[in-house]
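Architecture and fold: a report
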Amino acid sequence: MTARPKVVFVTRRYPPLVGGMETLARAVHLALDEYADTTLVSLGRSQRNLVWFLPYATFRARRAARGGHVDRLVFGDAMAYAAARPFLPRSAPPCTVMVHGLDLTFWFRPYRALVRAALPHAARVVANSHSTASIAIAMGVDPSRCVVLNPGVEIPPDWPGSRAEAANLLRSRSGVAPDAQLLGTLGRLVKRKGVAWFVSEVMPRLPERAVLLVAGSGSEEAAIREAVAQRGLESRVKLLGSVDDEDRALLFAGCDVFVMPNIRVPGDVEGFGLVAIEASNSGALVVAARLEGILDAVVDGTTGYLCEPLDVDAWVERVTGLLADPDATRALAERFERESRSRSSYERMARELPVALGIVERGTDSGAAAQQ
């Protein structure tokens, strides 16, 4: 029988932290364990601890490489690989680097130079979207060594009650009218998410009953509040702040439409748009910007709808049309949910991961390769 390969997985994103990247890192680790003897080197706490974690991870990767008992080093992002590569011996096993978009375009110029110098030397680069892959190739990565693997997510449990009950609970907790039609958005409040633009330009042209619930926190919060005040939308835009898993699930279950109105911001890209999948898998009807990694996360007319970024008329027409016929919109959301779940499941990613990472060869029976 073929021996299980030995892999060291280095990631600075891992539970007990909670977020899209942490969830993905855990899923990758679990999938790796199915096919390889995996040693995990992870941070698992605030990113403020990077100052000690990166030297520690570099030491662990170097020691594993020099021992000669590891078949592959897998780095969870470009930062970890760029820090470790100068210290790896020439005899190091092949390195696979997973890249996500922002880890390639981070604004700090010396960091980008370090990544640009290191990344082309990786044996394989696994990008979370075609948009991220194009950035990696532009940085010098050989296209033949760049693979696209869209993230998979665990399918969420069904909301325990009806969607009507979820909507009523959401209205009550948010302090909006009992007949309000709910739009939801969730994520870090940064400029590229486009929430301030949506509030300023789209919300004033939507029906009066439409209320936007904004979940999340970040540097753009002040700009969003200013847009709310300037447009007189205090009763129609509610900032919920950071939410826990229960409130996140309630937002997905109770909103009529979930919006991701991203805009282009130089140096700050949407690598994939994981929240779009989480929302559609939970039965929310997603309308998102036709932009960057979102193009891999939302299949227009199949798992959600796409609108051109900053096209006010297109956004107003799409959202207004969906709100005008709630029954048809709910039936459409259920169809999109089924398709989204089949495309984005953790099981799908787990099946594709060993080949994408280079642990088993394409065409090999992954299950057989994983046996002792």
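For the structure, see preceding data.
Okay, so let's go over this structure. (Residues numbered from 1 in each chain as written. Predicted model: local features only at pLDDT ≥ 70, side-chain atom pairs only at ≥ 80, totals over all residues. Heavy atoms only, no water.)

1. Overview of the nonpolar core
Selection criterion: To qualify as a nonpolar core, a set must consist of buried Ala, Val, Leu, Ile, Met, Phe, Trp, Tyr and Cys residues joined through side-chain atoms within 4.5 Å. Relative accessibility thresholds used throughout: buried, under 20% of the residue-type maximum; exposed, over 50%; partly exposed, between the two (1.4 Å probe, protein chains only). By the criteria applied, helices consist of DSSP H or I runs no shorter than four residues and strands consist of E runs no shorter than two, each listed in order from the N terminus. Any two residues whose heavy atoms approach within 4.5 Å at even a single point are treated as in contact.
Judged by nonpolar contacts, the single largest core of 39 residues is most densely connected at Leu73, Phe75, Leu104 and Leu119. Sorting the residues of this core by element identifies strand E1 (6–11), helix H2 (50–67), strand E3 (72–75), helix H3 (78–84), strand E4 (95–99), helix H5 (109–118), strand E5 (124–127) and helix H6 (130–138) as the ones contributing at least two each. If you tally residues by element for this core, the top one is H2, at seven residues. Contact partners of Leu104, with chain neighbours within four places excluded, come to Ala78, Val99, Arg112, Val115, Leu119, Thr132, Ile135, Ala136 and Met139.

2. Remarks on the sheet that holds E4
Quick reminder of the rule: Strands qualify as paired when DSSP identifies two bridges or more between them. Geometry is summarised by axes, namely lines fitted to C-alpha atoms with helices restricted to the contacting stretch, and by angles between N-to-C directions that run from 0 to 180 degrees.
If you trace the six strands from one edge of the open sheet to the other, you get E2-E1-E3-E4-E5-E6, paired in parallel fashion. Across the chains shown, the open sheet's two edge strands, defined by having one partner strand only, are strand E2 (37–42) and strand E6 (146–148). Neighbour-to-neighbour, the strand axes of this sheet turn through a mean angle of 20°, independent of strand direction. Sheet analysis places E1 next to E2, joined by six bridges and oriented parallel. Bridge pairing links Val7 to Thr38 in E2. On the sheet, H2 packs against E1, E2 and E3 and is oriented at approximately 155° with respect to E2. Most of the contacts of H6 go to E6, to which it runs at about 170°, and overall it touches E4, E5 and E6.

3. Side note on unusual backbone geometry
At Glu292, a position not held by glycine, the phi torsion is positive, near 50°. Counting through the fold element by element, Glu292 comes out in the loop between strand E11 (286–289) and helix H12 (294–297). Residue Leu310 is not a glycine yet carries a positive backbone phi of 70°. The topology assignment puts Leu310 in the loop between strand E12 (305–307) and helix H13 (312–324).

4. Looking at the packing of helix H7 (residues 163–174) against helix H10 (residues 245–254)
The test is simple: Handedness of each helix crossing follows the sense of rotation of the near helix against the far helix: counterclockwise by less than a right angle gives left-handed, clockwise gives right-handed. Under the scheme applied, nonpolar residues are Ala, Val, Leu, Ile, Met, Phe, Trp, Tyr, Cys and Pro; charged residues are Asp, Glu, Lys and Arg; polar residues are all the others, including Gly.
Interaxial distance between H7 and H10 falls to 8 Å at its minimum, and their mutual angle equals 120°. Like other packed secondary-structure pairs, H7 and H10 cross with a definite hand, here left-handed. On H10, the residues touching Arg163, Ala166, Ala167, Leu169, Leu170 and Arg173 of H7 are Glu246, Asp247, Leu250, Leu251, Phe252, Ala253 and Gly254. For the contact of H7 with H10, the class distribution of residues is eight nonpolar, one polar and four charged.

5. Regarding H6
Ser131, Thr132, Ala133, Ile135 and Ala136 are the residues of H6 that are buried. As for H6, its buried residues are in contact with E4, helix H4 (102–105), E5 and E6.

6. Describing the packing of aromatic side chains
Selection criterion: Think of it this way: a Phe, Tyr or Trp ring, Trp meaning its six-membered ring, pairs with another when their centres are within 6.5 Å, and the plane angle makes it stacked under 30 degrees, edge-to-face over 60, tilted otherwise.
If you walk through the whole model with that rule in mind, you get 12 aromatic pairs. Seen in terms of ring centroids, Phe198 and Trp315 are 5.9 Å apart; in terms of plane orientation they differ by 85°. Their pairing is edge-to-face. Of this pair, Phe198 sits in helix H8 (residues 195–202) while Trp315 sits in helix H13, placing them 117 residues apart in sequence. One exposure class covers both Phe198 and Trp315, and it is buried. Aromatic side chains Tyr305 and Phe336 sit 5.4 Å apart centroid to centroid with 75° between the ring planes, which places their arrangement in the edge-to-face category. Of this pair, Tyr305 sits in strand E12 while Phe336 sits in helix H14 (residues 326–344), and the two are 31 residues apart along the sequence.

It is worth stressing that arrangement in space is one thing and function is another; only the former is reported here.
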